[in-house]
Number of protein chains: 2
Amino acid sequence: MHLFYQPEENLFELDEEEAKHTTKVLRLGSGDMIHVTDGKGFLKKCVLNIQGRKVGYEVLETIFVARRDFEIAIAVAPTRKAERNEWMVEKMTEIGVERIDFLITEHTNPETVNRVVNTTRLNRIAASAMKQSQQYYKPEITVNNKFDSFIRNASEETKLIAYVPGQNKVEHVFSKVKKNKRTLLLIGPEGDFSEREIMLAMEQGFSTVSLGPTRLRTETAAVAGCHAINLAQAL
Amino acid sequence: MHLFYQPEENLFELDEEEAKHTTKVLRLGSGDMIHVTDGKGFLKKCVLNIQGRKVGYEVLETIFVARRDFEIAIAVAPTRKAERNEWMVEKMTEIGVERIDFLITEHTNPETVNRVVNTTRLNRIAASAMKQSQQYYKPEITVNNKFDSFIRNASEETKLIAYVPGQNKVEHVFSKVKKNKRTLLLIGPEGDFSEREIMLAMEQGFSTVSLGPTRLRTETAAVAGCHAINLAQAL
């Protein structure tokens, strides 16, 4: 069943892009059934009512799907390429994530951030990935340029920072996840977190974790970390 | 230390692209040290000898790095977009994989395959990802258009196919991995494997596995499956 996204509560029509997709690609017509989610847990079973270019629908049944028992937030330094940030958002959404925080760090170039983090586009990509993977919750996407405040205000029960200090053996993120709690994992930029940032995080209760034996690009680390936490909750 | 790739045993110079990167981007010169791998386990510590455009090097020390105790092969139906196939190869290489088999299935469009699977380019991407992640083995990349033969000839100890049949509860891939053995995981196309393909695989000793509770795109499934197997071996 085709799943569409309409976050507005009192709007019973698809936006332009989805409208075109419905009529031109899927070739659906009035009377056909579709599913519509608001990205906040509601799944509406609807029947199409197409008038010209306007693709409206009538809601036959509404189901509320509860959130899962745990939450995952990935705070990641933006990479320098917009498309890599977009891949990251798409893949984490498919796999399962409640919140993606783009976090500006000391080794992140602030000038490039606006160019490579387009939240409108990223939210659209997250909505697409949500529909593609048949989920009913769209992840929240935030941009944070005050590292210290972000660290101090983090309220998750399990706070992790991906960092492998020199010689010390560090546990894998998989082993640090507490079932049915909220986990926040920080992923640093290409140049890594600064000493000061690590110290501050540890003072604020963050534990250092490893993401595996190989060196991963930032966007790969975010997806791998997100996946590892999902696995730890599921298994 | 910068890692470069030179698969030819008796060639002691970098190819054009790496040569340019060395002089123009990294601004290294004669006398500077670099590391060179052949992608088959050898790590050579070298000193640069630059003459004009030719970036040659003298090998000071050669180290052989043994392969890891287990092997991972991911056989995946090519997606319809070249860039998604490229992303898949890059990410699996970063995370750790010995072999990537592009597998043409009944629901794969054979006409698009040549267009979206460019092995020269994919091998270059794998080599880049290998260097980026400081590894010394380049994954093998194959293209297979005879599904039946591929299935029948599979010699790995653990043979898995990502497929969740209807109502049956299926184990997660993570639980099916045997330590220090070779694992082969099959990932189907967007339209899934056909009934016939699944039956044949099961007859040939493949076990069906799940990759998690959400529906993943083909390229995401390949990376998630590869990551899950790596985790199962490491933890």
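What counts and how
Residues numbered from 1 in each chain as written. Chains lettered and ligands numbered in written order. Predicted model: local features only at pLDDT ≥ 70, side-chain atom pairs only at ≥ 80, totals over all residues. Heavy atoms only, no water. Helix = DSSP H or I, 4+ residues; strand = E, 2+ residues; numbered from the N terminus. Buried < 20%, exposed > 50% of the residue type's maximum accessible area, 1.4 Å probe, protein only. Contact = heavy atoms within 4.5 Å. Areas by Shrake-Rupley, 256 points an atom, 1.4 Å probe, with all protein chains shown as cover. Lys, Arg positive; Asp, Glu negative; His and termini not counted. Charge placed at Lys NZ, Arg CZ, Asp CG, Glu CD. Pairing = 2+ DSSP bridges. Axes fitted to C-alpha atoms, helices over the stretch in contact; angles between N-to-C directions. Least-squares fit on C-alpha atoms with pLDDT ≥ 70 in both. Expected span 1.5 Å × (residues − 1). Polar contact = N/O pair within 3.5 Å; in protein donor to acceptor, adjacent residues only side chain to side chain. Phe/Tyr/Trp six-rings, centres within 6.5 Å; stacked < 30°, edge-to-face > 60°. 1 Å grid on protein atoms, 1.4 Å probe; cavity = no way out; pocket = protein on both sides within 12 Å on 5 of 7 lines; lining within 4 Å. Points joined across faces, edges and corners; volume = space filled by probe spheres on them. Nonpolar A, V, L, I, M, F, W, Y, C, P; charged D, E, K, R; others polar. Parallel < 35°, antiparallel > 145°, perpendicular 65-115°, else oblique. Left-handed = near helix turned anticlockwise from the far one by under 90°. Domains from an automatic or database assignment. Buried area = accessible area lost by both parts, 1.4 Å probe. Salt bridge = Lys/Arg side-chain N within 4 Å of Asp/Glu carboxyl O.

Check the secondary structure of chain A and you find 8 helices and 10 strands. Counting only C-alpha atoms and orienting by the principal axes, one finds that chain A spans roughly 65 × 40 × 30 Å. Residues classed as buried in chain A amount to 55% of the 235 residues present. In chain A, once contacts between residues fewer than 6 apart in sequence are set aside, the share between residues at least 24 apart is 75%. Approximately 11,700 Å² of chain A is accessible, and the part contributed by carbon and sulfur atoms is 45%. Across chain A, the mean location of the 32 positive side-chain charges is 2 Å away from that of the 32 negative side-chain charges.

Residues and elements named next belong to chain A. Across the sheet, which stays open at both edges, the 6 strands sit in the order β7-β6-β5-β9-β8-β10 with parallel pairing between neighbours. The outermost strands of the open sheet, each flanked by one partner alone, are β7 (140-144) and β10 (207-209). Neighbour-to-neighbour, the strand axes of this sheet turn through a mean angle of 25 degrees, independent of strand direction. Two strands pair when backbone bridges link them, and strand β5 (residues 71-76) and strand β6 (residues 99-103) are joined in this way by 4 bridges, in the parallel orientation. Looking across to β6, one finds that Ala-73 is bridged to Arg-99. Its contacts with the sheet put helix α2 (residues 82-95) on β5, β6 and β7, and the angle it makes with β6 is roughly 155 degrees.

What follows deals with unusual backbone geometry. Most of the time, phi is negative for any residue but glycine, and the peptide bond is trans. Residue and element names in this part refer to chain A. A positive phi angle, near 55 degrees, is found at Arg-27, a position not held by glycine. At Asn-180, a residue that is not glycine, the phi angle is positive and equals roughly 60 degrees. Within the secondary structure, Asn-180 sits in the loop between α6 (173-176) and β9 (182-187).

On to the relation of the copies chain A and chain B, then. Between chain A and chain B, the superposition needs a rotation of 180 degrees and an axial shift of 0.0 Å, giving an RMSD of 0.0 Å. As the rotation angle and translation indicate, the two copies are arranged about a two-fold axis. Looking at the interface residues of chain A, 100% of them are also at the interface in chain B, so both copies use one shared face.

Residue and element names in this part refer to chain A. Here helix α4 (residues 119-132) contains 14 residues, and its C-alpha end-to-end distance of 19 Å stays within 8% of the 20 Å for a straight helix at 1.5 Å per residue. Where α4 is concerned, the buried positions are Leu-122, Ile-125, Ala-126, Ala-127, Ala-129, Met-130 and Lys-131. In this structure, the buried residues of α4 make contact with β1 (3-5), α1 (16-25), β2 (33-37), α2, β6 and β7. Between a side-chain oxygen at the N-terminus of α4 and the backbone nitrogen of Thr-120 the separation is 3.1 Å; the capping residue is Asn-118. Gln-134, located one to two residues past α4, shows a positive phi value of around 55 degrees.

This model, assessed by the stated rule, comprises 8 aromatic pairs over all chains. Judged by centre distance (5.3 Å) and plane angle (20 degrees), the rings of Phe-174 of chain A and Phe-174 of chain B are stacked. Taken as a pair, Phe-174 of chain A in helix α6 and Phe-174 of chain B in helix α6 (residues 173-176) lie in two separate chains rather than in one. Comparing Phe-174 of chain A with Phe-174 of chain B, the two get one shared label, buried.

To continue, consider empty space enclosed by the protein. For the structure on display, the rule yields 5 cavities of 30 Å³ or more. Of the pockets and cavities examined, the largest cavity occupies roughly 90 Å³. Grouping the amino acids of the lining of the largest cavity by side-chain chemistry returns 6 nonpolar, 5 polar and no charged. Counted as a void, the second largest cavity has a volume near 60 Å³. Around the second largest cavity, the lining residues are Ile-95, Glu-219, Thr-220, Val-223, Ala-224 and His-227 of chain A together with Trp-87, Lys-91, Ile-95, Val-223, Ala-224 and His-227 of chain B. Among the secondary structure elements, those contributing two or more residues to the lining of the second largest cavity are α8 (218-234) of chain A together with α2 (82-95) and α8 (218-234) of chain B. For the lining of the second largest cavity, the element with the highest residue contribution is α8 of chain A, accounting for 5 residues. Class assignment for the residues of the lining of the second largest cavity results in 7 nonpolar, 3 polar and 2 charged.

Residue and element names in this part refer to chain A. Here 4 strands make up an open sheet; going across it, the order is β1-β2-β3-β4 and the pairing mixed. Edge strands, defined here as strands with exactly one partner in the open sheet, are β1 and β4 (54-64). Sheet twist, expressed as the mean angle between neighbouring strand axes with direction ignored, is 40 degrees. Contacting β1 and β2, α4 runs over the sheet at an angle of about 155 degrees to β1.

Bringing the packing of α8 of chain A against α8 of chain B into the picture now. Running from N to C, α8 of chain A and α8 of chain B point in directions that differ by 65 degrees, and their axes come no closer than 10 Å. The orientation of α8 of chain A relative to α8 of chain B falls into the category roughly perpendicular. α8 of chain B is crossed by α8 of chain A, and the crossing has right-handed handedness. Along the contact surface, α8 of chain A presents Ala-224, His-227, Ala-228 and Leu-231 of chain A, while α8 of chain B presents Ala-224, His-227, Ala-228 and Leu-231 of chain B.

Okay, the domain arrangement of chain A next. All names here are of chain A. The domains assigned to chain A are domain 1 (3-64) and domain 2 (71-234). The interface of domain 1 with domain 2 comprises 11 residues on the first partner and 9 residues on the second. The largest share of the area that domain 1 buries against domain 2 comes from Leu-3, Tyr-5 and Gly-39, three residues that together contribute 54% of it. Here domain 1 and domain 2 share 1 salt bridge between them. Salt-bridge contacts for Glu-18 lead to Lys-131; the nearest nitrogen and oxygen are separated by 2.2 Å. Our count for the domain 1 to domain 2 interface comes out at 5 residue pairs in polar contact (both at pLDDT 80 or more). Counting only elements with at least two residues in the side of domain 1 that touches domain 2, the list comes to β1 and α1. For the side of domain 1 that touches domain 2, the element with the highest residue contribution is β1, accounting for 3 residues. By residue class, the composition of the side of domain 1 that touches domain 2 is 5 nonpolar, 3 polar and 3 charged.

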